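Here is how the chains run, residue by residue.
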Amino acid sequence: RGCGLTVGALSAAHFASDVLTVLDLAHNDIRGTLDVSGWPASLRELYLQHNAISGMDGAACLDGLEVLDVRNNELERLGRCAGPMRRLRVLLASRNRLVEVDGAYLTGGALEHLDLSENSALYAGGSPPPDLSRCAALRVAELGRCGLSPAPPPVHHGLVRIHLHDNVITSLDGLLPPADGGPSAPGFFSSLTEVHLTNNRIHALPHLPSSSFWGRLPSLSTLDLRDNDLETLPSALGYIAPLRKILTEGNRLRGPLRSNDAGDVDKLKRTLRNRGNWVPPEGHGDKFLPSEGGGAGPPPNQDKKTERAAHRRTVLDACTSGTLQVRPPIGDPAALPPGLLSVLA
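Computed from a predicted model, the values in this text were never measured in an experiment.

J.: Would you mind showing me how to read the overall build of the protein chain here?
T.: Looking only at helices and strands, the protein chain features 4 helices and 14 strands. Per-residue burial for the protein chain yields a buried fraction of 46% across its 345 residues. Pairs at least 24 residues apart make up 44% of the contacts formed inside the protein chain by residues separated by at least 6 positions. Of the roughly 16,200 Å² of accessible surface on the protein chain, 51% is carried by carbon and sulfur atoms.

The structure is reproduced here in structure tokens:
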């Protein structure tokens, strides 16, 4: 680390050992393509951050890695692997020039911490987001400034923290994969405690009375919504007991919601609960706060027009992004208004 090494000074001969497990080459002057073919298969941790590496050849020989840190380089691709990296627990690749990450880095099953932030072209231009719903061990995902649009990646219910700031996300539809079996289905409730969405283009959160989105987030403690286009907030946020931080500066919130921008979370949550009752998932009311006023309905001065506009915008966004899912109750096709079916057709 920090020895002024260049790529010409590195070869497999320098690392001819079958017992070497940790190699730290960070903060050197390694430039261009780094050939790692022939490096010992015994390596478990490889630190290459803060160099000027533009490519890595022979990465298939490193399928035993548990930690790979390539932050602050000039990589355009995380190269092809022989197969899923089944031991990889930590992948840190922020602040590169990535346009492609081989799926083998994400599908090994052991990944706990993923950082692909500050790679603005990675998912730009409509490229599909990474499917993290199968990453059962993943606890932290950092995907800020990755060009994600219009929807975030689907995540596994075990994920604890996700950073999605500085993207072009317009809707949260798809963040939680479907759990068709209801609250009794495995994976219905998410472990998410922090969701960071600063500086996107979100103008409506899951808001429809039929939405179970917020009911699947009983552990949520931090929701960062700064610098979006929100005009209102869903009442459901007022019922999530652990939620202690709701950041809304830089939106277009109106009335009493706007007056709470300064940060009185308890007051904001009471305001949201007073706007109307929200029904938690059946059989799990103990995970959420009770209604204000013993279950009284919304006050007469509730801004119904703003709510209806948010609902319409949510549906239109879902239609545009192709994420709208219409699920009438089983055996009750009449539950779908003919007018809606006509418009969707």
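J.: Teacher, can you tell me more about unusual backbone geometry here?
T.: The phi angle of most residues is negative, glycine excepted, and most peptide bonds adopt the trans form. With an omega dihedral of -5°, the bond running from Ser149 to Pro150 counts as a cis peptide bond. Along the chain, the position of Pro150 falls in the loop between strand 10 (140-142) and strand 11 (161-163). For His50, which is not glycine, the phi dihedral falls at a positive 60°. In this fold, His50 is placed in the loop between strand 3 (45-47) and strand 4 (52-57). Given a relative accessible area of 36%, His50 falls into the partly exposed group. Non-glycine residue Asn199 carries a positive phi angle of around 60°. Within the fold, Asn199 resides in the loop between strand 12 (194-196) and strand 13 (222-224).

J.: Sorry if this is basic, but what is going on with the environment of Leu122 here?
T.: Along the chain, Leu122 turns up in the loop between strand 9 (113-115) and strand 10. Since its relative accessible area comes to 4%, Leu122 is described here as buried. Sequence separation between Leu122 and Asn96 is 26 residues, and the spatial gap between their C-alpha atoms is 9.7 Å. Excluding residues within four positions of it along the chain, Leu122 makes contact with Leu98, Val99, Glu100, Val101, Leu116, Ser127 and Cys146.

J.: How do you make sense of the side chain of Glu231 when you look at a structure like this?
T.: Among the secondary structure elements, Glu231 is positioned in the loop between strand 13 and strand 14 (245-247). Engagement of the side chain of Glu231 in a polar contact is seen with the side chain of Arg252, the distance being 3.5 Å.

J.: Before we go on, may I ask you to explain the nonpolar core in this structure?
T.: A general feature of soluble globular proteins is that nonpolar side chains tend to end up buried together. Ranked by size, the top nonpolar core spans 72 residues in total, and within it Leu116, Trp214 and Leu233 carry the most contacts. For this core, the element with the most residues is helix 2 (residues 265-275), which contributes 3 residues.

J.: Hey, could you run me through the sheet that holds strand 1 (residues 22-24) in this one?
T.: Think of a sheet as strands paired side by side through backbone hydrogen bonds, with each pair either parallel or antiparallel. Read from one edge of the open sheet, 10 strands run 1-3-5-7-9-10-11-12-13-14, paired in parallel fashion. At either end of the open sheet lies a strand with only one pairing partner, and these are strand 1 and strand 14. Taking the axes of each pair of neighbouring strands and ignoring which way they run, one obtains an average angle of 5° across the sheet. Bridge count between strand 5 (residues 67-69) and strand 7 (residues 90-92): 3 bridges; the pairing is parallel.

J.: Would you explain the environment of Arg86 in this entry?
T.: Note that Arg86 resides in the loop between strand 6 (77-78) and strand 7. Placed 20 residues apart in sequence, Arg86 and Glu66 show a C-alpha to C-alpha distance of 8.5 Å.

J.: Explain the packing of aromatic side chains to me, please; I cannot follow it from the model alone.
T.: Tallying each qualifying case throughout the model produces 4 aromatic pairs. Taking the centre distance of 4.9 Å and the plane angle of 85° together, the rings of Phe188 and Phe189 count as edge-to-face. What makes Phe188 buried here is its relative accessible area of 6%. For the ring pair Trp278 and Phe288, a centre distance of 5.1 Å and an interplane angle of 70° mean the geometry is edge-to-face.

J.: What should I look at first to understand the pattern of salt bridges in this one?
T.: Pairs can form between side chains of opposite charge once their charged atoms are near each other. Going through the model one piece at a time under the given rule, you end up with 11 salt bridges. Arg77 is paired through a salt bridge with Glu100; the nearest N and O atoms lie 3.0 Å apart. With Arg77 in strand 6 and Glu100 in strand 8 (residues 100-101), the pair connects residues that are 23 residues apart, well separated along the chain. The partner of Glu231 in a salt bridge is Arg254, with the nearest N and O atoms 3.6 Å apart. A residue pair is termed long-range when its members are at least 10 positions apart, and Glu231 in the loop between strand 13 and strand 14 and Arg254 in the loop between strand 14 and helix 1 (255-259) qualify at 23 residues. Residue class for Arg254 comes out partly exposed when judged on its relative accessible area of 46%. Through salt bridges with shared partners, one network takes in Glu76, Arg77 and Glu100.

J.: When you look at the environment of Ala179 in this model, what are you seeing that I'm missing?
T.: Examined against the element boundaries, Ala179 turns out to sit in the loop between strand 11 and strand 12. Expressed as a C-alpha distance, the spacing of Ala179 and Phe189, which sit 10 residues apart in the sequence, is 9.0 Å. In this view, Ala179 contacts Phe188 and Arg216; residues no more than four positions away in its chain are not counted.

J.: What is the right way to look at the confidence of the model for the protein chain in this model?
T.: Segments scoring low in pLDDT should not have their predicted coordinates read at a detailed level. Model confidence for the protein chain is summarised by a mean pLDDT of 82, while 76% of its residues fall at 70 or above. Here residues 295-303 scores under 50 on pLDDT; set against residues more than four positions off or in separate chains, the count is 12 contacts.

Definitions and limits used
Residues numbered from 1 in each chain as written. Predicted model: local features only at pLDDT ≥ 70, side-chain atom pairs only at ≥ 80, totals over all residues. Heavy atoms only, no water. Helix = DSSP H or I, 4+ residues; strand = E, 2+ residues; numbered from the N terminus. Buried < 20%, exposed > 50% of the residue type's maximum accessible area, 1.4 Å probe, protein only. Contact = heavy atoms within 4.5 Å. Areas by Shrake-Rupley, 256 points an atom, 1.4 Å probe, with all protein chains shown as cover. Polar contact = N/O pair within 3.5 Å; in protein donor to acceptor, adjacent residues only side chain to side chain. Core = buried A, V, L, I, M, F, W, Y, C linked by side-chain atoms within 4.5 Å. Pairing = 2+ DSSP bridges. Axes fitted to C-alpha atoms, helices over the stretch in contact; angles between N-to-C directions. Phe/Tyr/Trp six-rings, centres within 6.5 Å; stacked < 30°, edge-to-face > 60°. Salt bridge = Lys/Arg side-chain N within 4 Å of Asp/Glu carboxyl O. pLDDT = per-residue confidence, 0-100.

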